[in-house]
Structures are given as C-alpha cells and as structure tokens.
Amino acid sequence: MTDISPNANDQADQRTIGTVAIRWHGHQLELLDQRLLPADEQWLALTEAAEVASCIRDMVVRGAPAIGISAAYGVALAARAIEEEQWREPLAEAVAILAASRPTAVNLFWALRRMEAVAEACSTLEEAREQLAKAAEAIHAEDLAANLAMADHALSVMTDEAPFSVLTHCNTGALATGGYGTALGVIRRLHETGRLQRVYADETRPWLQGSRLTAWELSREGIPVTLNADGAAAWIMARGDVRWVIVGADRITANGDVANKIGTYSLAVLARHHGIRFMVVAPSSTVDMKMASGAAIPIEEREGTEVRQVGGAVLAPQSVDVFNPVFDVTPAELIDAIVTEQGVIEQPSAETMAQVFGQP
Ligand SMILES: CSC[C@H]1O[C@H](OP(=O)(O)O)[C@H](O)[C@@H]1O
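Residues numbered from 1 in each chain as written. Predicted model: local features only at pLDDT ≥ 70, side-chain atom pairs only at ≥ 80, totals over all residues. Heavy atoms only, no water.

An unreviewed UniProt entry lists the protein chain under the name Methylthioribose-1-phosphate isomerase, with Marinobacter mobilis as the source organism. Recorded in UniProt under Function (unreviewed entry), the annotation for the protein chain is "Catalyzes the interconversion of methylthioribose-1-phosphate (MTR-1-P) into methylthioribulose-1-phosphate (MTRu-1-P). Also catalyzes the interconversion of 5-deoxyribose 1-phosphate and 5-deoxyribulose 1-phosphate. Part of a bifunctional DHAP-shunt salvage pathway for SAM by-products." (UniProt positions renumbered as here; feature names shortened; annotations may be inferred.)

## Quick look at the sheet that holds strand E7 (residues 225–228)
Pairing is mixed in the open sheet, where seven strands are placed in the order E7-E6-E5-E8-E11-E16-E17. Sheet topology places E7 and strand E17 (343–346) at the edges, where each strand pairs with a single neighbour. On average, each strand axis in the sheet is inclined to that of its neighbour by 25°, with strand direction left out of account. One ladder, built from three bridges, connects strand E11 (residues 277–281) with strand E16 (residues 337–340); its direction is parallel. By the bridge assignment for E16, Val 281 is matched with Val 339. Sitting on the sheet, helix H8 (residues 209–219) touches strand E6 (196–202) and E7, and the angle it makes with E7 is about 170°. (Pairing = 2+ DSSP bridges. Helix = DSSP H or I, 4+ residues; strand = E, 2+ residues; numbered from the N terminus. Axes fitted to C-alpha atoms, helices over the stretch in contact; angles between N-to-C directions. Contact = heavy atoms within 4.5 Å.)

## A few points about the UniProt feature "site: Transition state stabilizer" (unreviewed entry) in the protein chain
Residues annotated by UniProt as "site: Transition state stabilizer" (unreviewed entry) correspond here to Cys 170. Structurally, Cys 170 can be placed in the loop between strand E5 (164–168) and helix H7 (183–192). Contacts of Cys 170, omitting those with residues within four sequence positions, involve Arg 62, Asp 202, Thr 204, Gln 209, Gly 210, Thr 214 and Lys 261.

What follows is the structure, given as structure tokens:
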C-alpha cells in the first residue's frame, strides 16, 4: 500500500455528492484513510485483495455500503493479480479473505455473493477480469443512485413545518457510501431544499465517527452541524429541539430489527420517550431477509484499546477490562420508518418488510 495525497482536481465533483472516500482506477483502488481524519487527508493505493481486507478490518474505509463497494473492487483486483491457469480457486480464496474482514455489515457479504455469481458465469480469466471490474463499478454507481433516491423518499414523509432540526449518530455520509450518504444524504437533501434548521451530530464514541467524520464532512459543505457528546442527546431531545432522529444501518433483518453503531438503540428508546420520530436510512443491500430477527446478527467487538485510548491519549488504566461492542440492535417497534431506495416502510414489521422484499 502506498500513500497518495488527494489530487486538487478531485475537489471539483466532491461538492455535488460529498467527500468521496473510494477512487477506482481499473488497476488500483484508492481509499481515503478515515483513521486520520479530520487532521490529515491521506489516500492508500491498493492492488491486492488482502490489502483491501486489511483496510476494511482496520477501518481505513468503514460504513456498511462503502465496505461492500471496497470489497467488490477487492475481488476485481484479485482477478487481475491471479496468474494461475486454474483461476477459480485463488479467486475464491480472495473472496474468503475479504469476507473475514468484519462480521456485521451485510453489505459486505451481499457484494461478495454478487461478485461470486459474476465469476461463476465467466469461462476464462480474461473474461472474469473484465466482468468483475464492471460489476464492482456497477455496485458503486448503484449505491450512489440509491442514496439520491432515498433522500427523495425520506423527504416525502418528513412533512413537519420547516425548517426543523434533526439528530444523527455515527457517520453515514459520502465517506461511508458510494457518495451523498444514507442518513446524511437525507440531511443533505433537507439542507439543499431549505428545510434543515440544524443537525445535531453525536460524537459517537469510541471511534468518534461523528466528531471526526460527520462534523468534518458537513462543515466543509456549510451544512449547519452542531457536535454534541453522546450523553447530551437525551437533553437535546428533552429541550424539544429535534423533530427526527435519522440513522443508518449495517444490517436490517426480516422483521425490521436494525443493527447499527453502538448507541443507536439508546437513541431509539429516548426518541420514543420524547415523541420524536426515528428513521433508519439504508439501501436494500443492507437488508438481510434470510435473518429472521436482530437476535441472530453477529455483533462485532473490537479491541479494548479503542475505549482506553483516543488518538494515543490514555483515558483509562491500561489494564482495565473493556466491553467494546461496536454495534447494537434496535427492535423494529422503536422505528417509525425504514427508508430504502425502494421506498418508505412505516412501522416496520415482518409483514411490512415482506411486502417490499418478499417472504424470506
Ligand atoms: C451508511 S454507513 C452505515 C453504518 O456503518 C457504520 O459503522 P462503521 O463506521 O463501524 O463501519 C455505522 O454503523 C453506520 O450507521
């Protein structure tokens, strides 16, 4: 992996869909190293699937859709790197390495299954190289289109007197997707249409996607964002400042339960207590109709160091035990609307999910 500083020309199109984190050059994938934001903008250039898997595991790139897109490009890179005549086995090994990178975001497995199906249909390595690159590019483009469509769907149910304020958690913007964002895409659209008073952004400990990424991503576009400690969310809601809580998702199960960044479940409980509506925004590549409920979702736990330290600063005794689940599960009954590119599911349940996505 080599560091590449962003090209000044890249600034031009970022204003339309936000700050992109993934750049594909056919022979090379470039990822913006989100571990260094907001202090530093450095890009890593990757040519191997194993490098992409490491970047997903180490959260160079993160965000459920961005993880799926990056993994798809990782499979395309694997096909380019294979020299064996028997190419299917090494390609399958590359897919397995990518699949082992992070367990919760179903977009990763959705993208890998789609790439496997493309490879299965190819007769030669040359054909696989060409078709896998096209498939990864399509996954990337489809995600951006989905985000733009979800913003339109969401605003159709946000009929509150405008302008109004919202609260969001983690980062669900262009940095986490193929561009524009899921929950942050809705927030971008509210801003673009003059309907956004302010967005409160939870800092989102322990990885600080809110303070390091969302505050950075929105501030550079002039979107009115107020950063708050996670513990302040309840008081913000109690003051009556917020009409909606809008979040993303890493996996939505057949009954409408949602896995998302740790802290989402508590926001849903708080929102229900305060009579504030709770919206989950995610492309259908985040829906796992094969999983009956949130109880079965594998919840990733990461190193305790992420809680004991921030940016190398020691915040706790280094020997203290840490529980660091990076996702939680919000039950469907606490969710007022799930928005995908296929439309809005109000009061999600097994029945309403099946009406859109079919019986599991
Ligand atoms: C549109 S991003 C969805 C989801 O992914 C994030 O998790 P992470 O930053 O650990 O990859 C967060 O849960 C977002 O809501």
